[in-house]
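Summary of structural features
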Amino acid sequence: MRGLRRAAKRAGEMAFNAAGGAVNWFPGHMAAASRAIRDRLKLADLVIEVRDARIPLSSANKDLQPVLSAKRRILALNKKDLANPNIMNLLGFAELKLKEAISKEPTLLIMLVGVPNVGKSALINSIHRIATSRFPVKDKNKRATVGPLPGVTQDIAGYKIATQPSIYVLDTPGVLVPSIPDMETGLKLALTGAVKDSVVGEERIAKYLLSLLNIRKTPLHWERLLHREEELCEEICSSNKKDNSLRRRRLNNSDAIYVQDLVTEVQRTLCHTFLNFTGNTEEESELETLIDMQLVALRKVFRIPHKPFDETQGPTSKKLLTLFRSGKLGPFILDDLPDGSEN
């Protein structure tokens, strides 16, 4: 895991990141939400802190940790399909603890907290399914919205998800800290979508992603995967050559780019540029040269009309980030986890 730490730190310190300044996003509604969360925590029987499984450490709100640790708390790692499976057993453990808590309490008020875009609302739906599977709700309206309480921001929404026992869930707005402590943490939050792209800039985030991939030598891993896929495809095609060859021809000649074909082409392009780059990627300036080359190559893959480089970086970056955030480029853990977490 130390290699991951060095890679993330080096990527965060590159010139294009340093020039962009610190990554901070704390609009007025977050300040109000932070105060409301602290007030409502006094009434909560159980707190579920939702974090992004790709950044289980960086997605923790450090300012709220002292008050959260004083409550009965479950730490849920969401977006598990986007992260490395090594830590996915923790989410199953959180679900088990939730079932235990629900079965013991006659009335339960659960509060969900987490950074923006971490999937709290989606988790509420999961909690709803767990509750109704153990305690079926006879009423037709299974999720009645609770009206805003005096002194509490309207951004906090309440849902009743079960009646016997009575179980309520408070969904809170995603909040960050007023000042993100370091560049590396801020960029990880931006890359996973917790910070608005407009705050950091899509080009900067995409370059950070490419720097991580190149420093970690991820394209070499993709090269092996692509080679295995090609071998498997050849075996399938040889067993049913006519049917499969016609199918691939229809896919490749279609005007619509199929997602899997697009992902494969993106991975192949990044492999090709990485393997054929003659510079020293240990040198920051040369690594930036490689990243610019990759963005130019990806422009063709994404079929972005030919324009000056500066005008195509934005659309190219946006499409690349969409693939990463949707998990199409594969599972990733961006944080450096303690060795004990892998046991």
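In short, a report on the structure.

The rules behind the values
- Residues numbered from 1 in each chain as written.
- Predicted model: local features only at pLDDT ≥ 70, side-chain atom pairs only at ≥ 80, totals over all residues.
- Heavy atoms only, no water.
- Helix = DSSP H or I, 4+ residues; strand = E, 2+ residues; numbered from the N terminus.
- Buried < 20%, exposed > 50% of the residue type's maximum accessible area, 1.4 Å probe, protein only.
- Contact = heavy atoms within 4.5 Å.
- Areas by Shrake-Rupley, 256 points an atom, 1.4 Å probe, with all protein chains shown as cover.
- Expected span 1.5 Å × (residues − 1).
- Core = buried A, V, L, I, M, F, W, Y, C linked by side-chain atoms within 4.5 Å.
- Polar contact = N/O pair within 3.5 Å; in protein donor to acceptor, adjacent residues only side chain to side chain.
- Salt bridge = Lys/Arg side-chain N within 4 Å of Asp/Glu carboxyl O.

**Considering the overall build of the chain**
Of the regular secondary structure elements, the chain holds 14 helices and 6 strands. Every one of the 343 residues in the chain was classed for burial, and the buried ones make up 48%. At a minimum sequence separation of 6, the contacts of the chain that also span at least 24 residues come to 74%. When the accessible surface of the chain is summed, it comes to about 17600 Å², and 51% of that surface belongs to carbon and sulfur atoms.

**What to know about helix α13 (residues 284-301)**
Its 18 residues place the ends of α13 26 Å apart at the C-alpha level, agreeing with the 26 Å of an ideal helix rising 1.5 Å per residue. By the burial criterion, the buried members of α13 are Leu287, Leu290, Ile291, Gln294, Leu295, Ala297, Leu298, Arg299 and Val301. Following α13 by one or two positions, arginine 303 has its phi on the positive side, about 60°.

**A look at the nonpolar core**
Formed by 81 residues in total, the largest nonpolar core has its most connected members in Ile48, Leu112, Leu191, Val266, Leu320 and Leu329. The element contributing the most residues to this core is helix α9 (residues 202-215), with 8 residues.

**Details of the side chain of asparagine 214**
For asparagine 214, the position within the fold is in helix α9. At 2.9 Å, the side chain of asparagine 214 forms a polar contact with the side chain of glutamine 294.

**Topic: unusual backbone geometry**
Phi is positive for lysine 217, which is not a glycine, with a value near 60°. By secondary structure assignment, the location of lysine 217 is in the loop between α9 and α10 (218-239). Judged by its relative accessible area of 38%, lysine 217 falls in the partly exposed class. Positioned with a positive phi, arginine 303 is a non-glycine residue whose angle comes to about 60°.

**Comments concerning the pattern of salt bridges**
Tallying each qualifying case throughout the model produces 8 salt bridges. A salt bridge links lysine 188 to glutamate 184, with the nearest nitrogen and oxygen atoms 3.0 Å apart. Linking lysine 188 with glutamate 184, this pair stays in helix α7 (residues 183-191), spanning 4 residues, or about one helical turn. Take lysine 188 and glutamate 184: they sit in the same class, and that class is buried.

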